[in-house]
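Fold and geometry: a report
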Amino acid sequence: MQRIFFVFILLVISYFYFFNEPQKMHKIGVLSHAKVADVSLKGFKEGLKIYGYIENKNIQYYYDGATGKVSDLPAASQKILEKNVDLILTLTTPAGLQAQKDTLENKTPIVFAPASNPVGSGLVQSINNPGSNITGVTFGLQEVKRLEWLLKILPDTKKIYYPYNSKDKSPVVTLNELQKFVKNSDVKIVTQDLKTKEDIIHSLNNLPKDIDVVFIPTDALVASNLKKYLKVCNKLKIPISVPHRMGVELGAFMSYGFSLYELGLQSSRIAKEILNGGNPKNIPVETSEFKLSINTKNMKELGINVPDNILIQAVKIN
Amino acid sequence: MFSGIKKRLTLSLILTSIVPLLISTVILLYSEYTVQKKQTFLLQKEESIRISEQINEYFRGLEKDIDFLLSITSFVAEDIRIKKNLLSRMISKENQFDRLSLTDKYGMEIFYIDRTLPFVENKEFKYTNQKLTNKVIQHEKNYYGQIYFENKSFEPLIDAAFLIKNLKTSDIENVIVAKIRFKKIWELLASVIHLEGEEVFVTNSKNMIVAHKNPSLVIKKTVANNPLENGFVKDRTNTYVLRSTNSFNLNGVMFNVVVQRNIYDALSLSFNTLIFASVLMVVLLSFIFIVMKYIDKSIINPILDLSNIAKEISKGDLKQKAKVYGNDELSFLAITFNDMSRKINKTMDTLKEEIELKTAVQYNLETSEKRLLAIMNNTNAAIYLKDLESKYVIVNEEFLKIHKVKKEGIINKPTSVLFEGEQLAYILDQELQIKLTKENITTEEQLYLNDSEERFFLSNRFPIFDKDGNMINIVGVSTDITHIKNIQKQLENFNKDLEKKIADKTKDLTTANEELEDMVNKLHQTQEQLIFSEKIASLGLLVSGVAHEINTPLGVALTGITYFDDITTQINESYSSNNMSQEEFENYLEASSNISKQILLNLKRTSNLIQTFKQVSVNQIDEEKREIDVKAYTNTLISTIPNQTKTIIQNNIPNNIKLNTYPGAYGQVITILILNSLSHAYDADEKGTIIISLEQEPNQLKLKFSDDGRGIEKNDLPHIFEPFFTTKRNLGGPGLGLNILYNIVRQQLKGKVSCTSKLNQGVSFEIVIPIV
């Protein structure tokens, strides 16, 4: 009698144990050195929320904000790893590389959102077969296409100002492509190598006089100081082209590229797969969508007349 | 048997509960399985058809978009810049195309608009998907090419060629070759509400997944496992799924829309039923178990107990009692059963007692009969038992032997079989008297057996009565006394002879007695003579001892006096011849002085020896008896003995003991004992203790003397009272002390002396003196 009762109780307990397993609290560490990329995190969180991962309920984010300097990334990375996180979300290419370096042993999954050139920078072996603990969303090299659009909108452009950090792979590669595209035209690219924020301030104070347009590349340092460029250039009535829509929303003239928010959203699906047990090495790197964006307010301020047939194709931002 | 009942009960319970449940579960499961399978399959099929239609719709939509472009603009007539602009707008609209190329009516590319790449003018014309454009131009119909994967993003793309005709002439002017993206279809699949465990994907003719809500699978170029196979199939992940596929043809391109669901989710109802039924079965089994336990406890166990008790009782153990469990019918049965067994037990006890009693009686009877027969058959008397009609009932062996008949010839036969005439009349008369008097008759009878043999019998006849006092038998015991009679006669003759013989013998004995007395007298005389001879011999021994002892001093004295005589003769001669010098005279005087001293000493010694020898003869003390205080007298004796040793003499004799004795004899005894111990027991400077004590008994005094000296050797002890026995002959002891003591005690004091000693443990003397 007692034995049967005991077995019955055991069955009931095991039923509640196995079928009502308490929800696991997932831990995600976020690593970034550029504040501008935080929008991606916003999209990422929103995406995971759609998939049922509610912050502080069944998912926890460890993020002390962008480090500002690349050199501060190792410390931030260590801090994240100490939390024993289930996944690391990196918002910039250097952050991705730092996380990759720090997870060589424990292979904590990493999702980059984004990394500009994941194969070239060595984050993954290939787009459809990452091969290690890292995968994510990239945005491809659409920069030449942006220049094509820019020239289509501003056909009189002769001099393009290109501020970039020569230590960052992404703007360097882009620059080469751009140079190739304008090789046989009368358009010239004026480059400005920058290493620090101070360099940027200095360069902005000494902008070349005859530049027609500022072309902001996919450079973390430059992108993070976009507001400084906007402040100076809008005053000087020099249009600024930015790589992604976020910049246009902040006040730049145009962009042809991805939306960081949407990219974050896209990357959340990959993260969901990993949290559900997927192995990052088998999850291909996805490419974000990109679109032409024009800030119509800025357009008016600058006194630029964009043809309707172009305007009709763009995402208009007021 | 009872486990059989249990089995049958359990089986019945199972048959009435589990089996129907099992059957209904199987039926339910089967119907649920078939219904759900069919339902799910159909739903999935419907979904796949719907999605197929939507995909088809999507591509048709793209075609319509192109048509719309042509219908609202004079596309063919517009210049190239506007054409570029229009196509660019097509791309920008929804990002549905990766590239749009415009060719001339021969399929040569005029320009292209790319989603990601800028247009770079090529000086030379080239074909864009020439095969497809040719097909379109040739058949004047839109066509789709095969699906392929883009190099960089690994996105699947499909080329489509759309005809552009001159609205007026209807001639083919241009062809638009579009690289159509699948992203929209992915989004479509993502927007479909997926049920639990459901997967929806689109494959091309090579079974490659080109659209999935998870783009990773597409980018990875995942191959589906037999997408055209419907029903239960094994998926690419080796799990079983219920699959419904719908295939459709898009202008020559095959698409398969697959909707599949994990088997567990697809048949969730059936599985739930199965689980529910299993749980129910477990619960039922538990219930059956509990019920069986209850039945076991309340019915089967009591029955089993009763059965076991019955078995035990059948084996004869009537003390067993059935357990009473409660107050139901079984308990009543158990109580009745116990009552029954108790009664049986009681009856059995009574029966047993009776049987035991009867067995004992029978045994006693048999024993008695055996004893009787043994007595009867082992006696010399002829015994017979007759009934009141004088017929023989029992006879013994001796009877048969005497009468020389067999048992069969005598039992139940009348007396007349053995006797006749006067003898028969005599016997019948005797028996008649017994019947009348009912008393014993003992007679001596002279019978002539077997006609001639004369025999004497001592016959004892007596009646036997039953328990009511009625005479039932007459017993006769006839002892053959013929031989005794003969001996009696012989004895009478022998007695007469004997008297004569005794008279003769008495005479002889008197003579012999006289002779014997003479002989005894002679023996006494011989004995006295022998004693005398012994005394003479011992006297001789004494004399030779005395002679030996006094010979030495007498010898010395004799030698001395001889020498004195010589020197006296010499000095006389010198004096006579006036030749004597003063020196000579002085020498003589010195010598004579020395010699006389020597002689005197040896003669004194001789005298002492003779005194001592005199003491050996007890009779030398001719003194009167008088009463002495033993303790005081002994103290006086001790004080007179010169004691220069360190030995202490303790007088432990109690006060006020008077003894009427010869004081000299007593004193001598004490003195000898003390001197003996002082001279023999201890070494020169040894410190010893001598103890003298006395015990007074009714008729005697027990004088005890002991020392703690070296003791006497075992071999010497029997000889110490012998004359001249000494261990210190070299020191001049004659060895007479203890002999003197022995003679005084025995002869004068009429007592006894004994000595015990062990070497190095002292000596103890005990002298018993009778009180006269």
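Residues numbered from 1 in each chain as written. Chains lettered and ligands numbered in written order. Predicted model: local features only at pLDDT ≥ 70, side-chain atom pairs only at ≥ 80, totals over all residues. Heavy atoms only, no water.

**Describing the overall build of chain A**
A count of helical and extended segments in chain A gives 13 helices and 13 strands. Here chain A holds 318 residues, and the buried ones make up 53% of them. Sequence-distant contacts, at least 24 apart, represent 71% of the contacts inside chain A between residues at least 6 apart. Put simply, chain A shows about 15,000 Å² of open surface, and 54% of that area lies on carbon and sulfur atoms. (Helix = DSSP H or I, 4+ residues; strand = E, 2+ residues; numbered from the N terminus. Buried < 20%, exposed > 50% of the residue type's maximum accessible area, 1.4 Å probe, protein only. Contact = heavy atoms within 4.5 Å. Areas by Shrake-Rupley, 256 points an atom, 1.4 Å probe, with all protein chains shown as cover.)

**Details of the pairing of strand β10 (residues 253-262) of chain B**
All names here are of chain B. For β10, a buried count of 8 out of 10 residues is recorded, marking the element as mostly surrounded by other parts of the structure. Where strand β6 (residues 198-203) and β10 come together, 6 bridges link them in antiparallel fashion. From the neighbouring strand, valine 202 faces β10, where its bridge partner is valine 257. Pairing geometry for strand β9 (residues 240-250) and β10, over 10 bridges, is antiparallel. Paired with serine 244 across the bridge in β10 is valine 259. Between β9 and β10, which pair antiparallel and follow one another directly, the connecting turn spans 2 residues, one of which, asparagine 251, has a positive phi of 45°. (Pairing = 2+ DSSP bridges.)

**Focus on unusual backbone geometry**
Excluding glycine, a negative phi dihedral is what most residues carry, and trans is how most peptide bonds are arranged. Here the amide bond leading from alanine 113 of chain A into proline 114 of chain A is cis, since omega sits at 5°, within 30 degrees of zero. Relative to the assigned elements, proline 114 of chain A resides in the loop between β4 (110-112) and β5 (134-138). The backbone of asparagine 226 of chain B shows a phi angle near 40°, a positive value even though the residue is not glycine. Here asparagine 226 of chain B is to be found in the loop between α5 (215-219) and β8 (231-234). Within the chain, lysine 750 of chain B stands out as a residue other than glycine whose phi angle is a positive 55°. With respect to the helices, strands and loops of the structure, lysine 750 of chain B is situated in the loop between α15 (737-748) and β21 (752-757).

**Notes on the interface of chain A and chain B**
On the chain B side, the residues contacting the 27 residues of chain A number 27 residues. Between chain A and chain B, roughly 2,400 Å² of surface is buried when both sides are summed, and carbon and sulfur atoms account for 54% of that area. Inspection of the region where chain A meets chain B yields 3 salt bridges. Across the salt bridge formed by lysine 183 of chain B and glutamate 289 of chain A, the nearest N and O atoms sit 2.3 Å from each other. When residues of the side of chain A that touches chain B are traced back to their parent elements, those giving at least two are α5 (143-153), α11 (260-275) and β11 (286-287) of chain A. Top contributing element to the side of chain A that touches chain B by residue count: α5 of chain A, with 5 residues. (Buried area = accessible area lost by both parts, 1.4 Å probe. Salt bridge = Lys/Arg side-chain N within 4 Å of Asp/Glu carboxyl O.)

**Notes on the pattern of salt bridges**
Pairing between side chains becomes possible if they bear opposite charge and their charged atoms approach one another. On inspection of all chains with the given rule, the structure shows 40 salt bridges over all chains. A salt bridge links arginine 269 of chain A to glutamate 286 of chain A, with the nearest nitrogen and oxygen atoms 2.1 Å apart. Of this pair, arginine 269 of chain A sits in helix α11 while glutamate 286 of chain A sits in strand β11, and the two are 17 residues apart along the sequence. As a salt-bridge pair, lysine 315 of chain B and glutamate 312 of chain B come within 4.0 Å of each other at their nearest N and O atoms. On the basis of relative accessible area, glutamate 312 of chain B is assigned to the partly exposed category, the value being 28%. A single salt-bridge network, built from bridges that share partners, covers Glu289 of chain A together with Asp98, Arg115, Glu155, Arg181 and Lys183 of chain B.

**Observations concerning the sheet that holds strand β19 (residues 689-696) of chain B**
All names here are of chain B. The 5 strands are arranged β17-β19-β20-β22-β21 in an open sheet whose pairing can be described as mixed. Whereas interior strands pair on both sides, the edge strands pair on one side only; in this sheet they are β17 (648-651) and β21. Averaged over neighbouring strand pairs, the angle between their axes works out to 15° when direction is ignored. Alignment of β21 against strand β22 (residues 763-770), held across 6 bridges, turns out to be antiparallel. The residue of β22 that forms the bridge with valine 753 is isoleucine 767. (Axes fitted to C-alpha atoms, helices over the stretch in contact; angles between N-to-C directions.)

**Some remarks on the nonpolar core**
Residues and elements named next belong to chain B. Counting residues in each nonpolar core, the largest one holds 69 residues, and the members touching the most others are Phe59, Ile180 and Phe255. Here this core takes 8 residues from helix α1 (residues 2-72), the largest share from any one element. When sequence neighbours within four positions are dropped, the list of residues in contact with phenylalanine 59 reads Tyr144, Ile158, Ile180, Phe182, Ile185, Leu250 and Phe255. If you look at the next biggest cluster of nonpolar residues, it comprises 42 residues, including Val630, Leu736, Ile740 and Phe765. (Core = buried A, V, L, I, M, F, W, Y, C linked by side-chain atoms within 4.5 Å.)

**Some thoughts on a negative patch on the surface**
Residues Asp349, Glu353, Glu354 and Glu356 of chain B make up a contiguous surface patch of negative charge. The topology assignment puts glutamate 353 of chain B in helix α8 (residues 329-377). (Patch = residues over 30% accessible without salt bridge, like charges linked within 9 Å, V, L, I, M, F, W, Y side chains within 5 Å. Lys, Arg positive; Asp, Glu negative; His and termini not counted. Charge placed at Lys NZ, Arg CZ, Asp CG, Glu CD.)

**What about the pairing of strand β10 (residues 254-257) of chain A?**
Residue and element names in this part refer to chain A. Burial along β10 is two-sided: Met254 and Tyr256 and Ser255 and Gly257, pointing in opposite directions, are all buried. For strand β9 (residues 240-242) and β10, the ladder comprises 2 bridges, and the chain directions are parallel. Within the sheet, the bridge partner assigned to serine 241 lies in β10 and is methionine 254. Sheet analysis places β10 next to strand β12 (residues 291-295), joined by 4 bridges and oriented antiparallel. What sits directly across from methionine 254, in β12, is isoleucine 294.

**Remarks on the side chain of threonine 218 of chain A**
Residue and element names in this part refer to chain A. Of note, threonine 218 is situated in the loop between β8 (213-215) and α8 (220-224). The class of threonine 218 is buried, set by a relative accessible area of 13%. A distance of 2.6 Å separates a polar atom in the side chain of threonine 218 from a polar atom in the side chain of serine 170. Look past the residues within four positions of threonine 218 in its chain and what remains in contact with it is Phe139, Glu143, Asp168, Ser170, Pro171, Thr174 and Pro243. (Polar contact = N/O pair within 3.5 Å; in protein donor to acceptor, adjacent residues only side chain to side chain.)

**Notes on helix α7 (residues 197-205) of chain A**
Residue and element names in this part refer to chain A. Those residues of α7 not exposed but buried are Ile200, Ser203 and Leu204. Each buried residue of α7 lies within a common arc of 100° when the element is viewed along its axis, so the set occupies one face. Seen from the open side of α7, the exposed residues pointing more than 90 degrees away from its buried face are Glu198, His202 and Asn205. (Arc of directions from axis to C-beta.)

**Some points on the environment of serine 293 of chain A**
Residues and elements named next belong to chain A. Counting through the fold element by element, serine 293 comes out in strand β12. A sequence separation of 35 residues divides serine 293 from phenylalanine 258, and the C-alpha atoms of the two residues are 9.7 Å apart. With sequence-adjacent residues up to four places away left out, serine 293 is seen in contact with Arg245, Val248, Phe253, Met254, Ser255, Val315 and Ile317.

**Some words on the side chain of histidine 194 of chain B**
In this fold, histidine 194 of chain B is placed in the loop between α4 (183-191) and β6. For histidine 194 of chain B, the side chain forms a polar contact with the main-chain oxygen of valine 192 of chain B, separated by 2.8 Å.

**A short note on the packing of aromatic side chains**
This structure, assessed with the given rule, holds 25 aromatic pairs over all chains. Ring geometry for phenylalanine 248 of chain B versus phenylalanine 255 of chain B: centroids 5.3 Å apart, planes at 15°, classification stacked. An aromatic cluster is present here, built from Tyr58, Phe59, Tyr144, Phe162, Phe182, Phe248 and Phe255 of chain B joined pairwise through their rings. The ring of tryptophan 149 of chain A is capped by lysine 152 of chain A, whose NZ or CZ atom sits 4.4 Å from the centre of that ring. Its end group placed over the ring of phenylalanine 456 of chain B, lysine 485 of chain B keeps NZ or CZ at 5.9 Å from the ring centre. (Phe/Tyr/Trp six-rings, centres within 6.5 Å; stacked < 30°, edge-to-face > 60°. Lys NZ or Arg CZ within 6 Å of the ring centre and 35° of its normal.)

**Observations concerning the sheet that holds β9 of chain A**
Residues and elements named next belong to chain A. The 7 strands lie next to each other as β7-β6-β8-β9-β10-β12-β13, forming an open sheet whose pairing is mixed. At either end of the open sheet lies a strand with only one pairing partner, and these are β7 (188-193) and β13 (315-317). Direction aside, neighbouring strands of the sheet carry axes that sit 20° apart on average. Across the sheet, α5 lies against β6 (159-164), β8, β9, β10 and β12, angled at about 145° from β10, the strand it touches most. This element, helix α9 (residues 226-236), spans β6, β8 and β9 of the sheet and lies at about 160° to β9.

**Observations regarding helix α3 (residues 73-82) of chain A**
All names here are of chain A. Looking only at α3, the buried set comprises Leu73, Ser77, Ile80 and Leu81. Take α3 and look down its axis: the buried residues cluster within an arc of 95°, on one side only. Across from the buried face of α3, at angles greater than 90 degrees, the exposed residues are Ala75 and Glu82. With its phi angle positive at about 60°, asparagine 84 sits one or two positions after the end of α3.

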